[in-house]
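# Understanding the architecture of this molecule
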Amino acid sequence: MFMQRVKPLARILAEGADEEHGLKRSLSGWALMAMGVGCIIGTGIFVLTGVGSATRAGPALTISFVIAGIVAGLAALCYAEVSSKVPISGSAYTYTYSTLGEFFAWIVGWALVLEYALGAGTVSVGWSGYFTYILHTLHIWEIPQTWQHSHWDPTPGIANVPAAAIILLMTALLVKGTRESGTFNAIIVTIKVAIVLFFIAIGVGHIDPANYHLPAGPTTGAGGYFPFGWGGVLGGAAFMFFAYIGFDAVSTTAEEARNPGKDLPFGIIGSLIVCTILYIIVVVILNGMVPFNRLNVAYPVAFAVDSVGLAWAGIVISFGAIAGLTTVLLVQMYGQTRVFYAMARDGLIPPLFVRLHPAWRTPWISQILFGILIAAAGAFFPIGVLTSLCNMGTFLAFILVATAVPLLRNRHPELRGSFTLPFGPYVIPTLAAVSALAMMYYLRIGNPVAWGFFPIAWLGFILWFVAGLIFYFSYGHKKSTVALQSVERFPVQQPHVN
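## Considering the overall build of the protein chain
Broken down by element type, the protein chain carries 18 helices and 2 strands. Within the protein chain, buried positions represent 60% of all 498 residues. Taking contacts inside the protein chain between residues at least 6 apart in sequence as the whole, the part at least 24 apart equals 81%.

## With respect to the nonpolar core
Core analysis: the largest hydrophobic core is formed by 143 residues, its most contacted members being F46, Y93, Y130, F199, Y244 and F247. No other element matches the 19 residues that helix 7 (residues 102-137) contributes to this core. Excluding anything up to four places from it in sequence, Y93 contacts A105, V108, G109, L112, A342, M343, D346 and L348.

## Observations concerning the packing of aromatic side chains
Within this structure, the stated rule accounts for 28 aromatic pairs. When the ring of F198 is compared with that of W312, the centres are 6.0 Å apart and the planes differ by 70 degrees; the resulting orientation is edge-to-face. Of this pair, F198 sits in helix 9 (residues 182-203) while W312 is found in helix 14 (residues 311-345), placing the two residues 114 residues apart along the sequence. Judged by relative accessible area, F198 falls into the partly exposed class, the value being 23%. With relative accessibility at 52%, the residue W312 sits in the exposed group. Each member of the aromatic cluster is reached from another via a ring pair, and the members are F103, F104, W106, W110, W464, F471, Y472, F473 and Y475.

## A closer look at the environment of V434
Tracing the backbone through its elements, the reader meets V434 in helix 17 (residues 427-442). In this structure the C-alpha to C-alpha distance between V434 and I399, which are 35 residues apart in sequence, comes to 7.8 Å.

## Regarding a nonpolar patch on the surface
Residues L138, I140, W141 and F319 make up a contiguous nonpolar surface patch of about 450 Å² in total accessible area. Within the secondary structure layout, L138 lies in the loop between helix 7 and helix 8 (161-176).

## Focus on the confidence of the model for the protein chain
Any segment with low pLDDT has predicted coordinates that should not be analysed in fine detail. Here the protein chain shows a mean pLDDT of 81. Residues at 70 or above account for 83%. Ignoring residues within four places in sequence, the model shows residues 16-23, a span with pLDDT below 50, making 9 contacts including any to other chains. Throughout residues 484-498 the model reports pLDDT below 50, and contacts reaching past four residues in sequence, or to other chains, amount to 41 contacts.

## Comments concerning helix 16 (residues 383-411)
One turn of the α-helix equals 3.6 residues, which is why residues spaced by three or four share an orientation. The terminal C-alpha atoms of helix 16 lie 42 Å apart, and with 29 residues this matches the ideal 42 Å at 1.5 Å per residue to within 8%. Bending of helix 16 peaks at approximately 25 degrees at the position of V405, with proline P406 no more than four residues after it. Burial runs high along helix 16: 24 of the 29 residues are buried.

## Section: the pattern of salt bridges
For side chains of opposite charge, pairing can occur when their charged atoms come near one another. Counted according to the given criterion, the structure contains 1 salt bridge. Where R409 meets E81, a salt bridge forms, and the shortest distance between an N and an O atom there is 2.7 Å. With R409 in helix 16 and E81 in helix 5 (residues 61-85), this residue pair connects regions lying 328 residues apart in the sequence. Classification of E81 by relative accessible area gives buried; the value is 1%.

## As for the packing of helix 5 against helix 16
Helix 16 packs onto helix 5 with a crossing angle of 50 degrees between their chain directions and a minimal axis gap of 9 Å. Classified by the angle between their axes, helix 5 and helix 16 sit oblique to one another. As helix 5 runs across helix 16, the sense of the crossing is left-handed. Contact residues: A75, C78, Y79, E81, V82 and K85 in helix 5; A397, F398, V401, A402, V405, L408 and R409 in helix 16.

Here is what the cut-offs are and how they apply
- Residues numbered from 1 in each chain as written.
- Predicted model: local features only at pLDDT ≥ 70, side-chain atom pairs only at ≥ 80, totals over all residues.
- Heavy atoms only, no water.
- Helix = DSSP H or I, 4+ residues; strand = E, 2+ residues; numbered from the N terminus.
- Buried < 20%, exposed > 50% of the residue type's maximum accessible area, 1.4 Å probe, protein only.
- Contact = heavy atoms within 4.5 Å.
- Core = buried A, V, L, I, M, F, W, Y, C linked by side-chain atoms within 4.5 Å.
- Phe/Tyr/Trp six-rings, centres within 6.5 Å; stacked < 30°, edge-to-face > 60°.
- Patch = residues over 30% accessible without salt bridge, like charges linked within 9 Å, V, L, I, M, F, W, Y side chains within 5 Å.
- Areas by Shrake-Rupley, 256 points an atom, 1.4 Å probe, with all protein chains shown as cover.
- Salt bridge = Lys/Arg side-chain N within 4 Å of Asp/Glu carboxyl O.
- pLDDT = per-residue confidence, 0-100.
- Expected span 1.5 Å × (residues − 1).
- Bend = angle between axes of the 7 residues up to and from the residue.
- Axes fitted to C-alpha atoms, helices over the stretch in contact; angles between N-to-C directions.
- Parallel < 35°, antiparallel > 145°, perpendicular 65-115°, else oblique.
- Left-handed = near helix turned anticlockwise from the far one by under 90°.

In structure tokens, the structure reads:
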């Protein structure tokens, strides 16, 4: 039976030994917190706060962020335990393979493809919003609205050309072998945080309290602080969870933390608390500066300051946002190759997709293929749908990782990871899985529907899932190296990016 194909843990650890062995324990809890803040702050705060306010929760998006932060914290703690016991590439995909088996590993790998690909598509739409704002405000070039928006945007168009263009540019850079250095990434993180603080400093003096309690109307829902009710707040939490994607980067440092049992939860929870506080402050100011029903744009932070006559501040914010969003694109699109590498190593996808370029030593076929697909997604789909589909894939991965925690403890009691969840192997994983499942349900809030009743986000996820099942049973199930009892059916080299 396909569900019984569990990849031997000894083999998994052996495959990752060369790249993970001997890592120096040099990261303190404060360093992990800083890393988490840098990975978390990005698209959510610069792009999705406006859409979340306008279409889901209104000013009550502040509460949505708290709920989303709690869900993220539960999932992150599960990641921390599993990654400390199975410290190799592949993330949720590898953890699932060693516990739930090949079939569920395929599902989570397929979900991660959705997360990375549509996550990059979401970022590209936000990048386009800030880019076109700069061009318009500085009177450099007025791109026709037709080529700034997809057909389903609030301002309908044909295609978001700048979004597609930045994806294709990033694809070319990754094929050539470009990846930002640690120093460059640190600079960009500093810029992102500085831009957030800059907005807070100049925006707090332009708050109109009346904007928090708009009267009921056709575009303001029920009016007041909760214009869409508590359903809208939960829908906002499910939607804004995208703002926390990246926190799992902290959990992958288990083998480099000085005192993992103390430093990992400190870094994870600390970074989530810091980011949640920043998010709440930004949303309070954003909704105080501009009525929430006007914020359904891809560049809400710049739009808000521009609306109160501070166009110069909008330009500053836009340049900072573009810098930060560009690095997020690089990381997400690079991450795609990591997932494909792990899956190809197990024979679940053809080796063609990780074939290395003879000169640049990069998996160029995989990057070009997904670059084209992501560019099309950014060009032709609205940001709300892209975000919701990305979140669906993320939540599914979280549910399976949470399930892996008790299974890994029961099946491999000999493993002594550097971090262990408090309250036993069931309490936090159960809360994480149930809360992620609830978020998947509430993603229907604010999403357009198909056939008059079915949310597009659910429909797209089901279609993607069905396509994955067809591919698995027609190829991966037959070619799996676990099924064939082969050490390496498809020997591929580690993707190398300079």
